[in-house]
Amino acid sequence: MRGARVTGSEEDCKTTIFLVQQGVWEMPLESMPLASGYLKSTLMTDEEISPHVDVSIKNFRGGTTNAVMANALFDVAPPDILAFSVLGWNYQSFGALAATFKQLNPAGLVVFGGTHVANQAARVFRMFPEVDVVVNGEGELTFRELVRARLTGVHRSALNSVAGISYRGPDGDVITTEERPRLDDLEQIPSPFLTGALELTDANGEFRYDVALMETNRGCPYKCAFCYWGGAVGQRVRAFSLERLRSELELFAKLKVHTIVACDANFGLLPGDLEFVEALIETRDAYGFPRALETSWAKNKSKTFFKIVQRMKEAGMHSSFTLALQTLSDSALETMNRRNMKVNEWEDLAAWLDEEGLDCYAELIWGAPGETVESFMEGYDSLARRVSRIAVYPILLLPNTDYMEKKELFGITAIRGDHDDFEYVLAHNTMTFADNQYMQRFLFWARVVAENAVFRYIWGSLRHFAGLTQSRVLTNLGDWIAEVDDQAAVPLREFCATAAGGTESFGAAISYFYTDPEAVRLLHRWWDESIRPLVPEQFRPVLDEVFRYDLLTQPVFRADQSRTTYKDLAVEEIRDEQYYVRKDVRLAFDVPAIVAALRAGREPDLSPSPRVLDLYYRAGSESAVTSTNHEIVIHFMGMTKEHILANAGGPTADPVTEEGSIRGGCG
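Presented here is an overview of the structure given in this document. (Residues numbered from 1 in each chain as written. Predicted model: local features only at pLDDT ≥ 70, side-chain atom pairs only at ≥ 80, totals over all residues. Heavy atoms only, no water.)

1. Examining the overall build of the protein chain
Across its full length, the protein chain carries 24 helices and 22 strands. Computed over C-alpha atoms, the radius of gyration of the protein chain comes to 26 Å, within 12% of the 26 Å expected from 2.2 N^0.38 for 667 residues, which places it in the range of a compact globule. With the C-alpha coordinates aligned to their principal axes, the bounding extent of the protein chain is approximately 80 × 55 × 50 Å. Looking at the protein chain as a whole, 58% of its 667 residues qualify as buried. For the protein chain, long-range pairs separated by at least 24 residues make up 72% of all intrachain contacts whose partners lie at least 6 apart in sequence. As displayed, the protein chain offers around 26700 Å² of accessible surface, 49% of which is attributable to carbon and sulfur atoms. Side chains of the protein chain carry 66 positive and 93 negative charges; the gap between the two charge centres is 1 Å. (Helix = DSSP H or I, 4+ residues; strand = E, 2+ residues; numbered from the N terminus. Rg over C-alpha atoms; globule rule 2.2 N^0.38 Å. Buried < 20%, exposed > 50% of the residue type's maximum accessible area, 1.4 Å probe, protein only. Contact = heavy atoms within 4.5 Å. Areas by Shrake-Rupley, 256 points an atom, 1.4 Å probe, with all protein chains shown as cover. Lys, Arg positive; Asp, Glu negative; His and termini not counted. Charge placed at Lys NZ, Arg CZ, Asp CG, Glu CD.)

Take a look at the structure:
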């Protein structure tokens, strides 16, 4: 084999390969570049290829400009192969970087891979003539063959021997090679963690990412109309070996990783998923970490799922259990190809999780064909009665999906995003432009305030004592902020106005609520002026205290730099993690007990019962409160010490019901 450069030394003769990823959010910590890690580990463990290549992962945060990325990639010398892991949010930027690269190295090879570009080569090549190859399907073995072909001198217009790609032929026509079979044995892909392909620590030896991403399996048995997951990785589910997963968990435990995110389509579907959870708990018990598991839970809940939930509760291992419903409308379920899913039998499951004292959230999609404003709002409020959070997303048209391919059938009118490559649905047969504009405003407040847990406890209390549905409260907040004469509302009005067509405004609004004292003042004013008058007078003192408790339990953000009230908080280390401590919090009513009673369907005791408690806030919330990742921000909420210890392996406890650090007081 020979390298692309020959300048005298053996190192200079190596073919240089840059693997490029970019996350969706601008955060203090990086998102783990798992896809690039797989590619690098596959190359570096190949004895024929490894001596002849120099592989680097270039990982960028969301919000990084094209110019900054170009300088970081090309300031020394452009690589020989530039490979991008492409998603809708970075498609445009990566196309621009490909054009710059070809100015610097016309002979270089540009490779696009990922679900957003798979089977879309004609469009990709038309938009970005500088792209040479599009990978269709799983990329690890395909990319290895591409690199091998490059090393042996195969021209980029003669790659017909490489299965699973599309490329430009000698005449510029699009040539697509035979489809590469799905990987039956996932062990063919070396672990990016155990091989050292992914750099896991920063200059201080600390874990450098916000969470640790793992795949325990690949595949999805469903073909939902809005999603390409099943088509992208194959419908048959294949698993990594438990031995490998145990070794990866141990590595993360030694780095004190708090949260594992399993990047599986339906975790809890396979019997082996229970074995993974057992391995996770055993690792936590041995090393103290990891302490939480977040994942996309199986849509249809099997016996395995219930066993996993019970085992995690027993062991004090935290997770947010998901009801991935997407809609409660029968008409929309039909167009989604989800009509017969058992996932729709959700009420008994939600009740069971409630009885177990476990956090449960639901997912909904607004704007699917067949959905109306009335059906969506009815479904939203039905869910809100049973779950702690509802994640709501606008429908997007993605490549290779049913909705994209049947736009005319459903009467869909859509528009491409300004800075991404998603198609945003504006109207269809059951949704007018006006309907969508109204709902986009509602979705903004639902996502920012409810989904991302700015408030958690007021919803049930307002519903029970004042008859106010969650949708009505959110609409009230949006309408009030749109009209109020207050400078603190101006940024929120701007965020709301620009939210349709991206995630940037959502993240900015969430950060504003969590980090700016003016936002907290504004919420107090809203409560006093617009909500309190709707509450029966006899319940106002109780609900005032629930509202205050909600704000008190928000994450602490940069305690030494931000809100003045945070500067004096004590810092305590518990099980090798730092927590800020707000001591002697005085409540006029036993708010945790009231919230717990409402959650359990009991009538709460509203007699004045002053309480004093200490609230603990996990340090390091900076990435969580500046993104839209609601599954992660929940781990930074104020809680009692007993709840922390329970999640670290002690007996179980619910953050709003345990009594260990709650002390009686005289108010």
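2. Here's the deal with the pattern of salt bridges
Evaluation of the coordinates by the stated rule reveals 36 salt bridges. We note a salt bridge from Arg311 to Glu314, for which the minimum N-O separation is 2.9 Å. Taken as a pair, Arg311 and Glu314 lie in helix H9 (residues 303-315) at a separation of 3 residues, close to a single helical turn. Using a relative accessible area of 58% as the deciding quantity, one classes Glu314 as exposed. Among the charged side chains, a network of salt bridges with common partners joins Arg123, Lys407, Arg416, Asp421 and Glu423. (Salt bridge = Lys/Arg side-chain N within 4 Å of Asp/Glu carboxyl O.)

3. Examining the sheet that holds strand E18 (residues 423-427)
Strands sit in the order E16-E18-E17 across an open sheet of 3 strands; the sheet is antiparallel. With partners counted over all chains shown, the strands left at the sheet margins are strand E16 (396-397) and strand E17 (413-416), one partner each. When E17 meets E18, the two strands line up antiparallel, connected through 4 bridges. For Ala414, the partnering residue across the bridge sits in E18 and is Val425. (Pairing = 2+ DSSP bridges.)

4. Notes on the packing of aromatic side chains
Inspection of every chain in the model, using the stated rule, returns 32 aromatic pairs. Chaining the aromatic ring pairs together yields one cluster made of Phe267, Phe276, Trp297, Phe305, Phe306, Phe321 and Trp352. One residue, Arg291, lies across the ring of Phe289, its end atom 4.0 Å from the ring centre. (Phe/Tyr/Trp six-rings, centres within 6.5 Å; stacked < 30°, edge-to-face > 60°. Lys NZ or Arg CZ within 6 Å of the ring centre and 35° of its normal.)

5. A short note on empty space enclosed by the protein
Here the structure, examined in full by the defined rule, presents 3 cavities of 30 Å³ or more. In this structure, the largest cavity encloses a volume near 50 Å³. In this structure, the largest cavity is lined by Glu138, Glu140, Leu141, Thr142, Arg180, Pro181, Arg182 and Leu183. Grouping the amino acids of the lining of the largest cavity by side-chain chemistry returns 3 nonpolar, 1 polar and 4 charged. Taken together, Leu34, Tyr38, Phe193, Leu213, Met214, Glu215, Phe240, Arg244 and Glu248 make up the full set of residues lining the second largest cavity. When residues of the lining of the second largest cavity are traced back to their parent elements, those giving at least two are helix H1 (34-44), strand E8 (212-214) and helix H7 (242-254). The residue inventory of the lining of the second largest cavity, partitioned by class, reads 6 nonpolar, no polar and 3 charged. (1 Å grid on protein atoms, 1.4 Å probe; cavity = no way out; pocket = protein on both sides within 12 Å on 5 of 7 lines; lining within 4 Å. Points joined across faces, edges and corners; volume = space filled by probe spheres on them. Nonpolar A, V, L, I, M, F, W, Y, C, P; charged D, E, K, R; others polar.)

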